[in-house]
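Remarks on the overall topology
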Amino acid sequence: MRKVLTVVIAVMLVFALSGCESNIENVVVADEGAEATNRLSIVTSLYPQYDFARSIVGDKADVILILPPGVESHSFEPTPQDMVTLQNADLFLYTGKEMEPWAYKLTGSIDAKIVDLSVGITMMDLEEHEELVDPHIWTDPNLAIIMVENISTSLKEIDEKNADYYEANANTLKQALVDLDTEIKETLSKTTSKTILSGGHFAFGYFVKRYGLKHMSPYEGFSPDAEPTPKKIVALIETINETDAKAIFYEELINPKVSRVISEETDIEMLLLHGAHNVTKEEFEAGKSYITFMKENLERLKIGLGYDE
Ligand SMILES: [Zn+2]
């Protein structure tokens, strides 16, 4: 914007000095128009790829998160306005067809290059539901690295002249994810308990697999509309009463009513295990990164699972 203003002042000065009465507005509009059409527009479905994409593109492109802040991601459907945004995009990044069925259906209906970020990742079945695949690949930082590689590859394809820049930024991000993975692995190898007790639709299947943990949750499947089974709530309460469990974990952006019941029934604390599907308005404005969310989760896991330095 400042650049446009500079152009306006410069043009005004030239015309003031020469006394010419040409149409100044047209000059400015043309300048703005040229900038708008040249900038790449990257649209993302969920927060992890929004965060990864913005790290990789730096100042070379605009990255738009299609999910409004605070919206639960599994039940999201794009609005007509979102469809316009998608239609105007150069690149659209989504997690996979199980996570965003609406995104998968866009294939062939918009001009943007559409990239499924789960390509190259071996999907895992949901426990007890062999017909259902767990879509939460990003909760394992090691798989997040593959997502970053997929983003970087697609950016280099649509914007070859900045390929080296994207490659360098992607490498920096990948190294940060490797460091995160190491930190989580070392920390969780020292916890007293190895079981995450969750009152939510457990999104950390890939995470627990990566770090040799287990989990208990009263939900079957990952739909936020799914109902917890009473039998599993009772089993969780019994486990807590029979062990030295310190916390029940709840998930972001969904009413933690089940965790609250369990917490009240057993007198242990409730702690957030942030799945980073999407973020609140405050978190969005603070620009919190995927890595920050995972480090905050790690601090709470140390409390919930018991940790001696
Ligand atoms: Zn989920």
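These lines cover the structure that appears in this document, whether it is placed above or below. (Residues numbered from 1 in each chain as written. Predicted model: local features only at pLDDT ≥ 70, side-chain atom pairs only at ≥ 80, totals over all residues.)

So, unusual backbone geometry
Positive phi is not limited to glycine here, since L253 has a value of about 65°. Looking at the secondary structure, you find L253 in the loop between β9 (247-250) and α10 (257-266). Look at L253 and you get partly exposed, because 17 C-beta atoms sit within 10 Å. Phi angles above zero are rare outside glycine, and A276 is one such case at about 60°. Among the secondary structure elements, A276 is positioned in the loop between β10 (269-272) and α11 (281-286). (Helix = DSSP H or I, 4+ residues; strand = E, 2+ residues; numbered from the N terminus. Buried ≥ 20, exposed ≤ 12 C-beta atoms within 10 Å, placed from the backbone.)

Re the nonpolar core
In terms of nonpolar packing, the biggest core is built from 65 residues, with I42, A53, I56, L93, V148 and I151 touching the most fellow members. The leading source of residues in this core is helix α6 (residues 141-158), at seven residues. Looking at which domains feed residues into this core, each of domain 2 (40-182) and domain 3 (184-305) supplies at least three. If near-sequence neighbours (up to four positions away) are discounted, I56 is found in contact with I151, S152, L155, Y166, N169, A170 and L173. (Core = buried A, V, L, I, M, F, W, Y, C linked by C-beta atoms within 7 Å. Domains from an automatic or database assignment. Contact = placed C-beta atoms within 7 Å.)

Describing the packing of helix α3 (residues 47-57) against α6
Running from amino to carboxyl end, α3 crosses α6 at an angle of 50°, the nearest separation of the two axes being 10 Å. What the angle tells us is that α3 and α6 run oblique. For α3 against α6, the interelement crossing comes out right-handed. Residues P48, Q49, F52, A53, I56 and V57 of α3 touch α6, and the partners they reach there are A144, M147, V148, I151, S152 and L155. For the contact of α3 with α6, a count of residues per class yields ten nonpolar, two polar and no charged. (Axes fitted to C-alpha atoms, helices over the stretch in contact; angles between N-to-C directions. Parallel < 35°, antiparallel > 145°, perpendicular 65-115°, else oblique. Left-handed = near helix turned anticlockwise from the far one by under 90°. Nonpolar A, V, L, I, M, F, W, Y, C, P; charged D, E, K, R; others polar.)

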